[in-house]
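Close look at the chain arrangement
Next come the chains, spelled out residue by residue.
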Amino acid sequence: MTPVGRVGSPAPRPPVADQRKQNIIGVLVDAIDYGATVSQVIAAAVDGRPMTVAALAVHGVMTSHIDREFGARVNSFDLVVPDGQPVRWAMNLIHRTALRERVYGPTLMLRVCDAAQRQGVGIYLYGSSEATVSRLRDTLQVKFPELSISGISPSRFRSLSPAEKEDVVDRIRRSGARVTFVGLGCPRQEIWAYEYREALQMPIIAVGAAFDFHAGVVKQAPAWMQAKGLEWLYRLRTEPRRLWRRYLLLNPWYLALVVAQRTRLRRFDIIEADQITERSYG
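A brief look at the structure comes next. The structure displayed is predicted, hence computed values, not measured ones.

Cut-offs applied
Residues numbered from 1 in each chain as written. Predicted model: local features only at pLDDT ≥ 70, side-chain atom pairs only at ≥ 80, totals over all residues. Heavy atoms only, no water. Phe/Tyr/Trp six-rings, centres within 6.5 Å; stacked < 30°, edge-to-face > 60°. Helix = DSSP H or I, 4+ residues; strand = E, 2+ residues; numbered from the N terminus. Buried < 20%, exposed > 50% of the residue type's maximum accessible area, 1.4 Å probe, protein only. Lys NZ or Arg CZ within 6 Å of the ring centre and 35° of its normal. Right-handed = clockwise from strand over helix to strand, strands pointing away. Salt bridge = Lys/Arg side-chain N within 4 Å of Asp/Glu carboxyl O. Pairing = 2+ DSSP bridges. Axes fitted to C-alpha atoms, helices over the stretch in contact; angles between N-to-C directions. Contact = heavy atoms within 4.5 Å.

**Description of the packing of aromatic side chains**
Summed over all chains, the structure comprises two aromatic pairs. Centre to centre, the rings of Trp192 and Tyr196 are 4.1 Å apart; their planes meet at 20°, and the pair counts as stacked. Here Trp192 pairs with Tyr196, and both are found in helix 9 (residues 188-200), just four residues apart, close to one helical turn. Each member of the pair, Trp192 as well as Tyr196, is classed as buried. The aromatic ring of Tyr194 is capped on one face by Arg73, whose charged end is 5.4 Å from the ring centroid.

Here it is, written out as structure tokens:
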């Protein structure tokens, strides 16, 4: 078994140009759509190849920008898809990628589950509370009756010991799953995916609030608000105490940085790190 907690050299990946990765304030985001994302995930699952996928909205991009060590992790991911409309708009504005739609984490999860059902690929659900992940499993089983949900594990909401990490790896691998969805919230889920990538040898997809949304614990914004990039306003109204700093401070800062990059008032180098220290979440 590949040791967990000791990060070796990352596996070789195609050149950045081949993946159409673009620099958004120092964070590499893929110019990609749902179809290509799902296709790559399922291909890696069938082949038993490790793969890390993150769906980043403004909060994730800004967290990567501010915390350069975290940003280096994200920039090592195989796919970083534009989850938020403002991220998609920045891709089109700065790099003229002509993306017609974002790759929204909750929708991506459903599309991967649909493809996994058709291909006979089992999935694993890791994260959130026991009640939420159980409800999520039941909801997905109703939506996709032939989908193999190989196992579920709630978060322990703390760092895990080396023995506990090995137990997590063993449990997921013994389940027979070929894709793992992680719902720990940003940045915990991306750190988890980075840490477990080589040990699990399968696609790990960080989808954040998708667990809560599909389990019916948190309501999603209306479709028209999502289309206009106003999902943040809806969530701020529903959870003001928890989210006000995220949206009222980070959103204007993000906008200013994107404008600075577009007008070439500021250059943003790709965030890299020669050495990344261990940070683990369970």
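Moving on, there is more to tell.
**Quick notes on the pairing of strand 7 (residues 179-183)**
Most of strand 7 sits out of view: five of its five residues are buried. With burial as the criterion, each face of strand 7 is covered, one bearing Val179, Phe181 and Gly183 and the other bearing Thr180 and Val182. Handedness of the crossover joining strand 7 and strand 8 (residues 203-206) through helix 9 is recorded here as right-handed.

**Overview of the pattern of salt bridges**
Tallying each qualifying case throughout the model produces 15 salt bridges. For Glu195, the salt bridge is made with Lys165, and the minimal N-O distance between the two is 3.0 Å. With Glu195 in helix 9 and Lys165 in helix 8 (residues 162-175), this pair connects stretches of sequence that are 30 residues apart. We note that Glu195, like Lys165, is buried. One salt bridge in this structure joins Arg171 and Asp167, with 2.3 Å as the shortest N-O distance. Separated by four residues within a single helix, Arg171 and Asp167 lie in helix 8, roughly one turn from each other. Each of Arg156, Arg158, Glu164, Asp167 and Arg171 takes part in one network of salt bridges that share partners.

**A few points about the sheet that holds strand 6 (residues 149-153)**
Taking strand neighbours across the sheet as the criterion, the six strands line up as 4-3-8-7-5-6 in an open arrangement whose pairing is parallel. With one partner strand each, in any of the chains shown, strand 4 (79-82) and strand 6 form the two edges of the open sheet. Neighbouring strand axes in the sheet, compared pairwise and without regard to direction, differ in orientation by 15° on average. Relative to strand 4, strand 3 (residues 51-56) is paired through four bridges, and the arrangement is parallel. Directly across from Ala55, in strand 4, lies its bridge partner Val81. Of the strands in this sheet, strand 5 (123-127), strand 6 and strand 7 are in contact with helix 8, which crosses strand 5 at around 155°. Contacting strand 3, strand 5, strand 7 and strand 8, helix 9 runs over the sheet at an angle of about 175° to strand 8.

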